[in-house]
Structure formats: structure tokens, C-alpha cells
Amino acid sequence: MNQTHFETINIAGVLENIRSSSPLIHHITNTVTINDCANITLALGGSPVMADSPEEAGEMASFAGALVINMGTLHPSAISSMIKAGTRAREIGKPVVFDPVGAGATQFRQSTAKEILRNVRPTIIKGNAAEIKFLAGEVSNQRGVDSLDSNADQAALALARSSGSIVAATGAIDTVTDGKLLYKISGGSPMLSRITGTGCMTSSLVGCFSSVMASPLFAAILGVLTMKLAGEKAQIALKPGQGSGQFRINLFDAISLLTPSDYVWEERITYVTL
Amino acid sequence: MNQTHFETINIAGVLENIRSSSPLIHHITNTVTINDCANITLALGGSPVMADSPEEAGEMASFAGALVINMGTLHPSAISSMIKAGTRAREIGKPVVFDPVGAGATQFRQSTAKEILRNVRPTIIKGNAAEIKFLAGEVSNQRGVDSLDSNADQAALALARSSGSIVAATGAIDTVTDGKLLYKISGGSPMLSRITGTGCMTSSLVGCFSSVMASPLFAAILGVLTMKLAGEKAQIALKPGQGSGQFRINLFDAISLLTPSDYVWEERITYVTL
Amino acid sequence: MNQTHFETINIAGVLENIRSSSPLIHHITNTVTINDCANITLALGGSPVMADSPEEAGEMASFAGALVINMGTLHPSAISSMIKAGTRAREIGKPVVFDPVGAGATQFRQSTAKEILRNVRPTIIKGNAAEIKFLAGEVSNQRGVDSLDSNADQAALALARSSGSIVAATGAIDTVTDGKLLYKISGGSPMLSRITGTGCMTSSLVGCFSSVMASPLFAAILGVLTMKLAGEKAQIALKPGQGSGQFRINLFDAISLLTPSDYVWEERITYVTL
């Protein structure tokens, strides 16, 4: 398969594969959006497990189809779990998705993000523009866990090349690259940034796709694309007088009702010649 | 009251009792569904409190109408809290509901589940088929926190007899037994397994019922039955284009609007002659 | 501005200020309602960050527009974070909102609430009647984290005077005072007590307002008033067959769609001559 021709992916087969095999997606994640991540995994057809204690994280990872590490609310014991589970998943050839939430925002997050990169060597790194810029060694514009940066193409490329990971930098337009090929994914809804957890849930979607696809590059693209498509549907389904509360419910509805015909590649994905 | 005749329960009185006395339901539970458990307790009419620190768990339990222990996300400090609070609740004669989430999935969960059984001697154990089979010493088929097992009647009976607890094994059809009498509860919706937390919330409902009913066996039956009835209503209320997000909202709606006439015993509960 | 004339506040300017500047609201809060607090902050236009680890709490607070400390689920490491972040925020002149959830319910909460008062000296204390009475040294009627008390005017005044903080005591009618001026805020919906988190979310709203307003007294009034107004809208939007689940969604909708014309001072706020 020519990787520049994304439309050759058998999306019907991928969705059916997730729903029929219900891959176990092991999360070590934050307490803010942990419920959202579990529900979005279930909505897509996966089976979430959120075991984050060092006493069991490594063992649980050995049963998983993919591991999602998210440092939204960071504690020393969770870092230990992330490294144990991440190392174990990599040893047995399972994909690891790393969401470096707020990397760069504090010294604790800076050192932890680098420690995880170095020790786990994640299959896929999914962050916002500021997080990816920080990890790439660029000057980033971070405030709390939100990015004030936009275009992160150069940072994503540099990070993919230095880390060996697939890198997805999300924003109004997402960038996904393996360091050689680079794709831009457009679409979505401005409402996606009016609720918490859409970034974390995107990592869960990427985890689901990566557990059943041979190409982590395409799994990352499908993950960020799926969130954008669901965001569009969730916004369209809003009625007058409905706001961010109902948008959030519509988002879960949209993911749980996805069909292959929802995936309109041509309008959403652009391959960028480097 | 002949316990084989479930229809003699005064469900109107039980619901009214919960709503008017608003029993304090102390939870020591996981971070994934803790918000769901609090909201379902409120929806039924109870008053949730989620104090899970060893510094106060025992003292808080002494004020509660029932204690719910759930090991979904398991940490050493929470285990200490579970045992302190569980011991205290049992000393003062308050019911303890134990939800052994993922028991059997990892060595940490295996040893913790047994430690809690041994030290707390819960009034009611509510788990899925695989969890109940593991606790009964049978070979179980566990993956993450999900069960791949179905019929757990024999395991439920064995566990009830060895532990002295009421045992509720949930699934497409639930089994509830005290080791002498055994009931099967049918109904519900396949959507209940498409969202996280329905198992945990069932334990919260069992906790609410157990706090106002003399029979923990009947409280367990009412708890699992109530989730099945609400699941049916939540599914019926779904409109075209709505999926797992709205189903979850409908579930809270259904619990908050329960009336005695919703309880149709004949079609849902079967007494099994052993 | 005469502070007894609340209607002189430029509510349009305040709402616009929050939405355009998107102030970072740092929360150190409980695991039950942490997702709700993040979503309500976003719905109003703020930017939530929930970093609660002692390793970074102080540093994160230095970037924030306001800090919200909530002791709903209390752990020793979080207490250390609360004091570090609270001290830092006060040093740099940022408002600190303290929600003493369950203060008085256990010895651990009693001593922690007092420790935070003494060490942080919060800008605003927002609690229910029982919590405020406990902090004021009165006999309080606390059960779990719920208040069985009603009128807390005298306690709120006494606490404001002894602590130097603005005090908001919430209930069917809210009391807000700086020890010299006292306001009563009415309205709302009985449904607000049928879901978890409305108290915690009120503190988040107070945090947002305090980050952009010169007067913490008026920020506290606007915070509690906004929750009451949203509760009214959420209830009115309920359709037959909808209960506490949909009410909760409507509440987020209402906050995300607030307009200046929603603020009807005359009917809701009463200035009480002391």
C-alpha cells in the first residue's frame, strides 16, 4: 500500500475489527477525563481498563491490545506505573500512545515527559502544538494544559525524527507524521475546545485504532480524524438552546454510531510533500 | 414473608423510605465512575459521600446507612481505607456491599479481593460472572475488568455458602443467592454494557436498598433489577441518531423518575428450585 | 461604586472579559466532580487546569488567574498541594477560593479546614450552611458532605470578620458577606441538589469571576447567582420524562449560553441592612 494514498484503507474492516475483537485498551491517565476516556473507548467498540497502580500496571499491560499513557494529573506513583506498563507493552510489541498533557507547563511535567520519552519510547506521541514544540526542543507557548501555539509542522517532524515515534500535533488542523510522510487533517468543530477531554479522548481513539492496525501512522491519522468527524456531527445535531453540555453527549453518540460512510478522506486529509 | 414470593415486597414503601430518609451511602470506589456512583445514588434518593482516605474512612463509615467498596482502580491507601471502613460498618451492623472489580485479572486484584473478603466479610458481594467465579475458586475467564464468562449460578451458590454473604452475579441474566435461595433476574438492555459504570452504579443502588431493607437478599435483588428496568427505559427513550451518550443520560433520568409501577416482578424475577 | 448597588456592575463586560481572556483557573479538587468543575469553567469561558501534585502545585498556581481549593476527597498529598498553591497565589495577589467540603464531618476534615484557613487565608470561602457554621465555631449539623442546616447569616458574618475572607454560605437562599455588607441571593431549582457537584461547580464559577473582577465580594455574588440562574434555565428546559440526568446536561448548556440579559438583579439579590 502506498502510504500517501490514504483512501486505500479498509475503514469498514477496521471498524468491524474493533467492534468484533473489542481490544483491551489499558489507560494510565488523569482523574479529570478518565470517565470520558473509558466511555469513548467503549463507544468505538474497545474495552477500557484503567489500572494505574504500580502494583499491577505492568501485569495489566501484558494483556492489553494497546496502552494509553496520559499525564494530565501527574503523581509520582502514576509515573512509575507509566514506565512499568510502557516498558512491558513495548517488550511484547504492543503499541503505546503517549499524551504529554501540559508538557512544558511546569518543571515537573517537563522532566516527566522527557523521562517517559526516554524510557518508554512510545509508538505514537499525541499532543497539542505547544506540547509537541516543547518535546521537539522548540520554544513553546504553554499556559496550564492549553496550547497558545498553532502550526507545529516543523516541531512534529523534528520530534518524529529524533524519537522514532509517530507524532500527532492537534489543533484547528492536525498534523500527523512519521518523520518522512506528513499529513494534515482538517474539519472538526470549535466546540471541541469548549469541553474538557477531547484531547484525551483522541488519544483513546488512537489507542483503539493502533491495537488493530499494522500502521501506527495510519492509526494516528484515523484517531484524530475520527474525533474531528464526530465533532462535526455533534455540532450539527445541536438544537437551538443547546450548548456545550449537549455537544458533549452528541459526541459520544456520534462515536458510538460511526459508519464507514462517515469517513470522507478527500475533504479532510492532505498529504504534504516535504 | 415467604422469601420465594418476591412480589410481597412493598416497593412503594421502600422507594419512599429512601427518598424521605436520604440514607448516607459511603463509597470507597474507583476514579473512573465515582461521579456516576454519586449521581445514581442521588437519583434514587440517597446521599453519597466518597471519603476514601485512611485518615477518615473508618469515622465516616460510622455515620453511614451503608458502605460500598469497589476496587475498580486499586491503590494501597484505598485498600487500607476499605478494610477500616468495612470493619467499622460491620461492627455497628451496617450493610457492606463489595464490588470486586477485576478480581482475578491481576495478582494484585486477586490478593486484595481475598483480603477484603477475609477481613470485612461483606454483607453483599456484587460482581460479574468472571469475578464471582474467581472468588468461588472456579476457573474464570477475565480480561481487564470485563467478564468473558456467562452462567455463574454454581459459583454464586458456592461463594455465598463459603462466605456467608449474599452474592449477586451480574450479566445478561443476573443471579442472586444467599446460598439457599436462588433468583434469576432478566431484562435490561445490551446498551448497559456500552457505557462504563453500570456495574459500579448497580452496587450503589444495592447499597441504597440495603440501607433501608431488613433483607440484604432482597436489597440485592432490587438493586440489580432496578438497573435492568432503568436500562430498558433508557433504551426505549432513545431517538434516531442517539447512541451511547444519550443512553447514559436517559439512565440517570429513569432512576430519578422511578415509580412503584415500574416494578413488574412476574416478568423479571424467577425463583430457581435448587 | 456603592457596593450596595449591585445593579451597577457591568455584567456584559465581565462575561466578555472572561470569554476573551480565558483566565487560567487552577483547581486542587476532589475526584468526584473534577470533570464537572473543568467543564463548567470551560462553559463560562475560563481555562481549567487541575494540577494537584505537591511537585507542581505551587508553580502552576503562579500562572493562574485564580486558585480553587476543594476538599471533597481529602488526601495528605493534596493538602500539601493546597497549602503550597494557596500560599503562592496569595503572595502574588491572585484570588483563592476555598470550598471546605464536609468541614466538620470528620476530625480529619475539621483539622484540615482549619489548617487551610490559617495557612492560606483564602480570599473567598464558599460552603454550605453547616460548613460555614462549623468554621465559624457554631454547632453545625453535618452528615457526610451534606448540610442539614439552613440559615447561616450569623455564622457567615462571624467567619468573614474573624477570617478576613469573603464568605458565601449556599443553600435554598445564599448568603454572601464581607463582614460589613450582607447580601441574600434567591432563585435556583430544587433539582440543583439532586445532582452531585453543583456546590463544587459554584466554586469554579466564583473562581472565574474573581479572576477578572476587582471586588471578590461581587465575584462571589456573581458566582452563586450564576449557578442559581443556570439552575432555573436547566429546569425550565426539561421535557416530560426527563429527570436528573438531562437536568445536569441542561445546566452546562445554560452556563455556556449565558448572556448579560440573563442577569436580573432586582428579583434575585437583596441587600440586608445589618
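Residues numbered from 1 in each chain as written. Chains lettered and ligands numbered in written order. Predicted model: local features only at pLDDT ≥ 70, side-chain atom pairs only at ≥ 80, totals over all residues. Heavy atoms only, no water.

Draft legend 1. Region of the structure containing the overall build of chain A. When helices and strands are counted, chain A shows 11 helices and 11 strands. Taken over C-alpha atoms, the radius of gyration comes to 17 Å for chain A, in line with the 19 Å a tight globule of 274 residues would show. Across its three principal directions, the C-alpha atoms of chain A cover 45 × 45 × 35 Å. Classification of the 274 residues of chain A by burial places 66% in the buried group. Taking the intrachain contacts of chain A between residues at least 6 apart in sequence as the baseline, contacts between residues at least 24 apart amount to 71%. Surface summary for chain A: the accessible area is close to 8900 Å², and the carbon and sulfur share equals 51%. For chain A, the separation between the mean place of its 21 positive charges and that of its 22 negative charges on side chains is 3 Å. (Helix = DSSP H or I, 4+ residues; strand = E, 2+ residues; numbered from the N terminus. Rg over C-alpha atoms; globule rule 2.2 N^0.38 Å. Buried < 20%, exposed > 50% of the residue type's maximum accessible area, 1.4 Å probe, protein only. Contact = heavy atoms within 4.5 Å. Areas by Shrake-Rupley, 256 points an atom, 1.4 Å probe, with all protein chains shown as cover. Lys, Arg positive; Asp, Glu negative; His and termini not counted. Charge placed at Lys NZ, Arg CZ, Asp CG, Glu CD.)

Draft legend 2. How the structure looks around unusual backbone geometry. All names here are of chain A. Positive phi values are uncommon outside glycine, yet Arg121 reaches one of about 50°. You can see Arg121 is positioned in the loop between α5 (107-120) and β5 (124-128). Taking the relative accessible area as the measure of exposure, Arg121 reaches 48% and is therefore partly exposed.

Draft legend 3. Structural detail: the UniProt feature "binding site: substrate" (unreviewed entry) in chain A. As recorded in UniProt, the feature "binding site: substrate" (unreviewed entry) lies at A:Met50 and A:Gly197. The residue A:Met50 is located in the loop between β2 (47-49) and α3 (57-61) in this model. When near neighbours in sequence (up to four residues on either side) are disregarded, A:Met50 contacts A:His27, A:Thr29, A:Ile34, A:Cys37, A:Ala38, B:Val32 and B:Thr73. A:Gly197 sits in the buried class, given a relative accessible area of 8%. (UniProt positions renumbered as here; feature names shortened; annotations may be inferred.)

Draft legend 4. Up close: the pattern of salt bridges. Scanning all chains against the criterion turns up 27 salt bridges over all chains. A salt bridge links A:Asp174 to A:Lys228, with the shortest nitrogen-to-oxygen separation between them at 3.3 Å. In this pair, A:Asp174 sits in strand β9 (residues 174-177) while A:Lys228 sits in helix α9 (residues 216-236), placing the two residues 54 residues apart along the sequence. For the pair formed by A:Asp174 and A:Lys228, the shared burial category is buried. Measuring nitrogen to oxygen at the nearest pair gives 2.8 Å for the salt bridge that ties B:Asp262 to B:Lys233. (Salt bridge = Lys/Arg side-chain N within 4 Å of Asp/Glu carboxyl O.)

Draft legend 5. Seen up close, the packing of aromatic side chains. All names here are of chain C. One pass over the structure, following the stated rule, counts nine aromatic pairs over all chains. Residues Tyr183 and Phe218 carry aromatic rings whose centres are separated by 6.3 Å and whose planes lie at 80° to one another, so their mutual orientation is edge-to-face. With Tyr183 in strand β10 (residues 182-185) and Phe218 in helix α9 (residues 216-236), the pair connects residues that are 35 residues apart, well separated along the chain. Owing to a relative accessible area of 1%, Tyr183 belongs among the buried residues under this scheme. Given the relative accessible area of 1%, Phe218 is considered buried. (Phe/Tyr/Trp six-rings, centres within 6.5 Å; stacked < 30°, edge-to-face > 60°.)

Draft legend 6. Main features of the UniProt feature "binding site: ATP" (unreviewed entry) in chain A. Residues and elements named next belong to chain A. Those places that UniProt annotates as "binding site: ATP" (unreviewed entry) correspond, in this numbering, to Lys126 and Thr170. These annotated residues cover 45 residues of sequence, and their C-alpha atoms all fall within 7.4 Å of one another, placing them together at a single site. Here Lys126 shows up in strand β5. On the basis of relative accessible area, Lys126 is assigned to the buried category, the value being 3%. Lys126 has contacts with Phe98, Asp99, Pro100, Ala168, Thr170, Gly199, Thr202 and Ser203, leaving out every residue within four places of it along the chain.

Draft legend 7. Structural view of the interface of chain A and chain B. Contacts between chain A and chain B engage 29 residues on the former and 29 residues on the latter. Note on chain A versus chain B: buried area summed over both sides is about 2400 Å², and carbon and sulfur give 51% of it. By the criterion of area lost to chain B, the three top residues of chain A are A:Asn35, A:Leu42 and A:Glu56, representing 19% of everything that side buries. Counting the contacts that link chain A with chain B gives one salt bridge. In this structure, A:Glu56 and B:Arg109 form a salt bridge, with 2.7 Å as the shortest nitrogen-oxygen distance. At the boundary of chain A and chain B, one finds 14 residue pairs in polar contact (both at pLDDT 80 or more). If you list the elements that add at least two residues to the side of chain A that touches chain B, you get α2 (34-44), β2, α3 and α10 (244-256) of chain A. Of the residues forming the side of chain A that touches chain B, the biggest block, six residues, is contributed by α2(A). Among the residues forming the side of chain A that touches chain B, the class breakdown is 14 nonpolar, 10 polar and five charged. (Buried area = accessible area lost by both parts, 1.4 Å probe. Polar contact = N/O pair within 3.5 Å; in protein donor to acceptor, adjacent residues only side chain to side chain. Nonpolar A, V, L, I, M, F, W, Y, C, P; charged D, E, K, R; others polar.)

Draft legend 8. Structural detail: the side chain of A:Thr41. You can see A:Thr41 is positioned in helix α2. If we ignore the near neighbours within four places in the chain, the residues touching A:Thr41 are A:Ile25, A:His27, A:Gly46, A:Ser47, A:Pro48, A:Ser204 and A:Cys208.

Draft legend 9. Expanded view of the pairing of strand β4 (residues 96-99) of chain C. Residues and elements named next belong to chain C. Taking every second residue as pointing to the same face, both faces of β4 are buried, with Val96 and Phe98 on one and Val97 and Asp99 on the other. For β4 and strand β5 (residues 124-128), the ladder comprises two bridges, and the chain directions are parallel. Along β5, the bridge assignment pairs Phe98 with Ile125. (Pairing = 2+ DSSP bridges.)

Draft legend 10. Just the sheet that holds strand β11 (residues 269-272) of chain C, in detail. Residue and element names in this part refer to chain C. Strand order in the open sheet made by the nine strands is β2-β1-β3-β4-β5-β8-β9-β10-β11, with mixed pairing throughout. If you trace the sheet from one side to the other, it starts and ends with β2 (47-49) and β11, each paired once. The sheet shows a mean angle of 20° between the axes of neighbouring strands, direction not considered. In the sheet, strand β3 (residues 66-70) pairs with β4 via four bridges, with the strands oriented parallel. (Axes fitted to C-alpha atoms, helices over the stretch in contact; angles between N-to-C directions.)

Draft legend 11. Just the relation of the copies chain A and chain B, in detail. Taken as rigid bodies, chain A and chain B are interconverted by a rotation of 120° and an axial shift of 0.0 Å, the fit giving an RMSD of 0.0 Å. Overall, the copies show the geometry of a three-fold rotation axis. Judged by C-alpha distance, A:Thr31 is the residue of chain A that lies nearest the rotation axis, at 3.7 Å. (Least-squares fit on C-alpha atoms with pLDDT ≥ 70 in both.)

Draft legend 12. Representation of the pairing of strand β1 (residues 24-28) of chain A. Residue and element names in this part refer to chain A. Within β1, five of the five residues are buried, leaving the element largely enclosed by the surrounding structure. Note that β1 and β2 share three bridges and pair parallel. Following the sheet pairing, Ile25 is matched in β2 by Pro48. Each parallel crossover has a hand, and the one from β1 via α2 to β2 is right-handed. With four bridges connecting them, β1 and strand β3 (residues 66-70) associate as parallel partners. When the bridges of β3 are listed, Ile25 appears paired with Ala66. (Right-handed = clockwise from strand over helix to strand, strands pointing away.)

Draft legend 13. Geometry of the sheet that holds β5(A). Residues and elements named next belong to chain A. Reading across from one edge, β2-β1-β3-β4-β5-β8-β9-β10-β11 is the order of the nine strands in this open sheet, with mixed pairing throughout. Unpaired on one side and paired on the other, β2 and β11 (269-272) mark the two borders of the sheet. The sheet shows a mean angle of 20° between the axes of neighbouring strands, direction not considered. Note that β5 and strand β8 (residues 166-170) share five bridges and pair parallel. Pairing of Gly127 across the sheet is with Ala169, part of β8. Along the sheet, helix α4 (residues 76-91) makes contact with β1, β3 and β4 (96-99), crossing β3 at roughly 155°.

Draft legend 14. Here's a closer look at the interface of chain B and chain C. Listed by partner, the interface residues are 30 residues for chain B and 29 residues for chain C. Interface area for chain B against chain C, summed over the two sides, is near 2400 Å², with a carbon-plus-sulfur share of 51%. It is B:Asn35, B:Leu42 and B:Glu56 that lose the most area in chain B upon contact with chain C, and together they represent 19% of the buried surface on that side. Linking chain B with chain C are one salt bridge, by the criterion used here. The tally of links between chain B and chain C comes to 14 residue pairs in polar contact (both at pLDDT 80 or more). Elements that contribute at least two residues to the side of chain B that touches chain C include exactly α2 (34-44), β2 (47-49), α3 (57-61) and α10 (244-256) of chain B. For the side of chain B that touches chain C, the per-class residue count stands at 15 nonpolar, 10 polar and five charged.

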